[in-house]
Amino acid sequence: MTNNALPVGADLRGWLDHLQATGRLSAARPGVDLRFELSGIASRLDGDRAVVFGKPGGKDITVVSGLLSRREWMAEALGVAETELIDRFQQACQDPVPWTEVEHAPCQEEVIREVDLGSLPVPTHNEHDHGPYITAGLLIARNPTTGSQNVSIHRLQVSGPDRLGALLLPRHTAAFFGQAEASGTDLEVAIAIGVDPLTLMSSQAAVPIDHDELEIAGALRGSPLPVTKAVTNEVRVPADAEIVLEGRLLADVREPEGPFGEFPQYYGPRADRHVVCIDAITHRRDPIYHTIVGGGLEHLLLGCIPREGSFLAHLRQNFQCVQAVHLPRGGVCRYHLYVQVRDPEPGEVKNLILAALGAHYDIKHVTVVDSDVDVFDPDEVEWAVATRFQADRDLVLVGGAQGSRLDPSTADGVGAKMGLDATIPPVDDEGRFTRIRVPGAEEIDLERAVAPAPTNWRSER
């Protein structure tokens, strides 16, 4: 089901071939331990190389980790320059491409109805994780009223042979489940593991409810994503997925889940949470299992890049001054948002801050800077705050707001949000904020102008 005209990231196995051909894929010795050793190796190579694990823990299924652990890899998967990455994702969010349904799909080459999740090579990642967790599964749910789908990634604790504990944050999957549970029914879901990089990226788009992220995947591909109907329910899943778990979010059932090492670099605590009962497992012949190490670069960046594109599109709809946005690693690629603007109207930056804080509950701090400040350089942003910001004039503070429940500083997800207007304030003296520069420094050819110091540097005096 591949097409040579598609971006290289539109096919998982093709992407692995590409990483191998460019020296960015390593192979671990066969049989590494699924408890900590696999994630330890993946963590050590995170951001440098992806890793393939053959027969980990004695299982027959190959595991891969680190598929998208650098920004430039994501751009490469899309076939664009890194500077075009966010605009390309923004465009895909605005112009989704409906999927196409097929009857015979690779993801259903094998169908297993006697479910045993223990047959899958599910690693235990961090020291205090409760146990094995599925971390790179795309949970696909259908709106029980409209039939529209939602795609998202949730941490999924293996709690039994056919049972998963799930953390559902207050977003679209939880809304769909709330509708089903209110009517006394389970919510049909499917969990796709081992999808292509573009579909993986699309799952993290911050778009309104009832916008199917699989259609964003189609836009990123430049052609409709092939999907197929699940064997046991009505959910449509990526036809080329390596493994699919079909099941139901159980109404009126909550069971203990957690702790689990999350993106803020802390553990999400143990509590009674939602439960998925698995009715069938389907997979390709010789499938590949994808895992994402909790709190690693792939975890952080996978949520970062698509959200940057979604937030850029959202803010540009109402603020023409917006030039770029960035979710820096120092803010765990979720909580801090940098926004670059050009020639904002008086008071517009504060309106923009409020809109940005409302774009997603995860956003905790927003910093707005002028167009001469590089939002992808945290030192530049900090410099703007240091030299252009005054707290009594430029601070926006909102208390008692919905935030991330995974932020340990909140009270069960309720906390304060802050905006910093680090743009140049209105002044009479324009020269007051003129940045220093050395004329022509950028154009100097250093290879011609500078040579290695001689053995005796004093001879050059």
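Residues numbered from 1 in each chain as written. Predicted model: local features only at pLDDT ≥ 70, side-chain atom pairs only at ≥ 80, totals over all residues. Heavy atoms only, no water.

1. Notes on the overall build of the protein
Next up, step 1: Scanning the protein for helices and strands turns up 12 helices and 24 strands.
Next up, step 2: What you see for the protein is a C-alpha radius of gyration of 24 Å, in line with the 23 Å of a compact globule of 461 residues.
Next up, step 3: With the C-alpha coordinates aligned to their principal axes, the bounding extent of the protein is approximately 80 × 60 × 45 Å.
Next up, step 4: The buried share of the protein, reckoned over its 461 residues, is 53%.
Next up, step 5: Taking the intrachain contacts of the protein between residues at least 6 apart in sequence as the baseline, contacts between residues at least 24 apart amount to 71%. (Helix = DSSP H or I, 4+ residues; strand = E, 2+ residues; numbered from the N terminus. Rg over C-alpha atoms; globule rule 2.2 N^0.38 Å. Buried < 20%, exposed > 50% of the residue type's maximum accessible area, 1.4 Å probe, protein only. Contact = heavy atoms within 4.5 Å.)

2. Overview of the pairing of strand β2 (residues 50–53)
Side-chain direction in a regular strand flips from residue to residue, so the side chains alternate between the two faces of the sheet.
Next up, step 1: Bridge analysis of strand β1 (residues 25–28) against β2 gives four bridges, and the strand direction is parallel. In the strand pairing of β2, S26 is matched with V51.
Next up, step 2: In this fold, the crossover linking β1 to β2 by way of helix α2 (residues 37–45) has right-handed handedness.
Next up, step 3: Pairing geometry for β2 and strand β3 (residues 62–65), over three bridges, is antiparallel. Counted as the bridge partner of V52 is V64 from β3. (Pairing = 2+ DSSP bridges. Right-handed = clockwise from strand over helix to strand, strands pointing away.)

3. Structural notes on the sheet that holds strand β23 (residues 395–402)
Next up, step 1: Strand order in this open sheet of five strands is β20-β21-β22-β24-β23, and the pairing throughout is mixed. The outermost strands of the open sheet, each flanked by one partner alone, are β20 (322–326) and β23. For this sheet, the mean angle separating the axes of adjacent strands, direction not counted, is 20°.
Next up, step 2: Relative to strand β24 (residues 414–421), β23 runs antiparallel, the two being bridged by six bridges. (Axes fitted to C-alpha atoms, helices over the stretch in contact; angles between N-to-C directions.)

4. Concerning the domain arrangement of the protein
Next up, step 1: Considered domain by domain, the protein is made up of domain 1 (12–297) and domain 2 (318–421).
Next up, step 2: Each partner contributes to the interface: domain 1 provides 12 residues, whereas domain 2 provides 13 residues.
Next up, step 3: Taken together, both faces of the contact between domain 1 and domain 2 bury some 1200 Å²; the carbon and sulfur share is 73%.
Next up, step 4: It is L169, P170 and F263 that lose the most area in domain 1 upon contact with domain 2, and together they represent 42% of the buried surface on that side.
Next up, step 5: One can count zero salt bridges joining domain 1 with domain 2.
Next up, step 6: Linking domain 1 with domain 2 are zero residue pairs in polar contact (both at pLDDT 80 or more).
Next up, step 7: Looking at the side of domain 1 that touches domain 2 residue by residue, the classes come out as seven nonpolar, one polar and four charged. (Domains from an automatic or database assignment. Buried area = accessible area lost by both parts, 1.4 Å probe. Salt bridge = Lys/Arg side-chain N within 4 Å of Asp/Glu carboxyl O. Polar contact = N/O pair within 3.5 Å; in protein donor to acceptor, adjacent residues only side chain to side chain. Nonpolar A, V, L, I, M, F, W, Y, C, P; charged D, E, K, R; others polar.)

5. A look at empty space enclosed by the protein
Next up, step 1: Summed over all chains, the structure comprises three cavities of 30 Å³ or more.
Next up, step 2: Counting only elements with at least two residues in the lining of the largest cavity, the list comes to β8 (149–153), α5 (172–182) and α8 (297–316).
Next up, step 3: Residue composition of the lining of the largest cavity, grouped by class: 12 nonpolar, 13 polar and seven charged.
Next up, step 4: Both domains that meet at the lining of the largest cavity, namely domain 1 (12–297) and domain 2 (318–421), each give it at least three residues. (1 Å grid on protein atoms, 1.4 Å probe; cavity = no way out; pocket = protein on both sides within 12 Å on 5 of 7 lines; lining within 4 Å. Points joined across faces, edges and corners; volume = space filled by probe spheres on them.)

6. With respect to the UniProt feature "domain: 3-octaprenyl-4-hydroxybenzoate carboxy-lyase-like C-terminal" (unreviewed entry) in the protein
Next up, step 1: UniProt tags residues 302–422 as "domain: 3-octaprenyl-4-hydroxybenzoate carboxy-lyase-like C-terminal" (unreviewed entry).
Next up, step 2: Summarising residues 302–422: 33% helix, 27% strand, and an end-to-end C-alpha distance of 28 Å. (UniProt positions renumbered as here; feature names shortened; annotations may be inferred.)

7. Digging into the UniProt feature "domain: 3-octaprenyl-4-hydroxybenzoate carboxy-lyase-like N-terminal" (unreviewed entry) in the protein
Next up, step 1: UniProt annotation of "domain: 3-octaprenyl-4-hydroxybenzoate carboxy-lyase-like N-terminal" (unreviewed entry) refers to residues 16–92 when read in the numbering used here.
Next up, step 2: Between the end C-alpha atoms of residues 16–92 there is a gap of 24 Å, over a span that is 40% helix and 16% strand.

8. Some details on the sheet that holds strand β4 (residues 100–101)
Next up, step 1: Overall, mixed pairing links the three strands, which are arranged β4-β12-β13 in an open sheet. In this open sheet, the two edge strands, each paired with only one partner strand, are β4 and β13 (236–238).
Next up, step 2: With two bridges joining them, β4 and strand β12 (residues 226–229) adopt parallel strand pairing. If you follow T100 over to β12, its bridge partner there is P226.

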